Amino acid sequence: MTKTDLDMLEAGLMQGWAAPRIAKALGIGLSTLKRNFGPMLKMAGQMPDRLELLLFATAVRKSLEGDMGAIRQVRQMADANKARLAAARLQRAETPEKDTEEPVGKKERARREAEELTESGGGDLWNGDLNPGNYH
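Report on the accompanying structure. (Residues numbered from 1 in each chain as written. Predicted model: local features only at pLDDT ≥ 70, side-chain atom pairs only at ≥ 80, totals over all residues. Heavy atoms only, no water.)

**A closer look at the side chain of Ser 63**
Formally: Put simply, DSSP marks the helices as runs of H or I at least four residues long and the strands as runs of E at least two long, and each gets a number from the N terminus on. Relative accessibility decides the category of a residue: with a 1.4 Å probe and only protein chains considered, values under 20% of the type maximum give buried, values over 50% give exposed, and everything between is partly exposed. Only heavy atoms matter for contacts: two residues are in contact if any of them lie within 4.5 Å across the pair.
Within the fold, Ser 63 resides in helix H4 (residues 47-64). By relative accessible area, Ser 63 is classed as buried at 15%. In contact with Ser 63, other than residues within four places in its own chain, are Ala 70, Ile 71 and Val 74.

**Some words on the packing of helix H1 (residues 3-14) against helix H2 (residues 19-26)**
Defined as follows: Between N-to-C directions, angles span 0 to 180 degrees; the directions come from axes that are lines fitted to C-alpha atoms, helices contributing only their stretch in contact. Oblique is the label for every angle not falling under 35 degrees (roughly parallel), over 145 degrees (roughly antiparallel), or within 65 to 115 degrees (roughly perpendicular). The hand of a helix crossing depends on one turn: near helix anticlockwise from the far one by less than a right angle means left-handed, and clockwise means right-handed. Side-chain classes follow a simple rule in which Ala, Val, Leu, Ile, Met, Phe, Trp, Tyr, Cys and Pro form the nonpolar group, Asp, Glu, Lys and Arg form the charged group, and the remainder, Gly included, forms the polar group.
Orientation of H1 relative to H2, taken along the N-to-C sense of each, is 150°, at an axis distance of 10 Å. When the axis of H1 is compared with that of H2, the two are roughly antiparallel. At the point where H1 passes H2, the crossing takes the right-handed sense. Two secondary-structure elements touch here, H1 through Asp 5, Met 8, Leu 9, Gly 12 and Leu 13 and H2 through Ile 22, Ala 25 and Leu 26. For the contact of H1 with H2, the residue count by class is 6 nonpolar, 1 polar and 1 charged.

**A look at the packing of aromatic side chains**
The condition is simple: Ring geometry is summarised as follows: Phe, Tyr and Trp rings, the Trp one being its six-membered ring, pair when their centres sit within 6.5 Å, and such pairs are stacked at plane angles under 30 degrees, edge-to-face over 60 and tilted between the two. For a lysine, the NZ atom is tested; for an arginine, the CZ atom; a charge sits over a ring if that atom is within 6 Å of the ring centre and within 35 degrees of the ring normal.
In the structure shown here, the tally under the stated rule is 0 aromatic pairs. Above the plane of the ring of Trp 17 lies Arg 21, whose end atom (NZ or CZ) is 3.8 Å from the centre.

What follows is the structure in structure tokens.
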């Protein structure tokens, strides 16, 4: 694979393309792509963020050199990021907390239910026969 092919692979991942689409664009089989670039494909979810970070870093570098266009771009990107963060905070504040109790397996759930029944005296299920005071 050439340097250009590698750049195209990274560009496809940064655009969020799936592996079959990238393989087709590069003119190679999916198995060849996975065999040679498996670790890179596993990073696919991070690639769009990496691209955004790279673009921001490049704009910051140019703005520090005095490039007025880059300074405007950095301001726009920073403002967009602030708006995104504020929207995310607002959404979290409006979204009710989900039940944070850890999921349990069948046996643990049955054990807990049995414990609750024992503590409550069996409720209507056993007519109170599980209440410790009813043992003779």
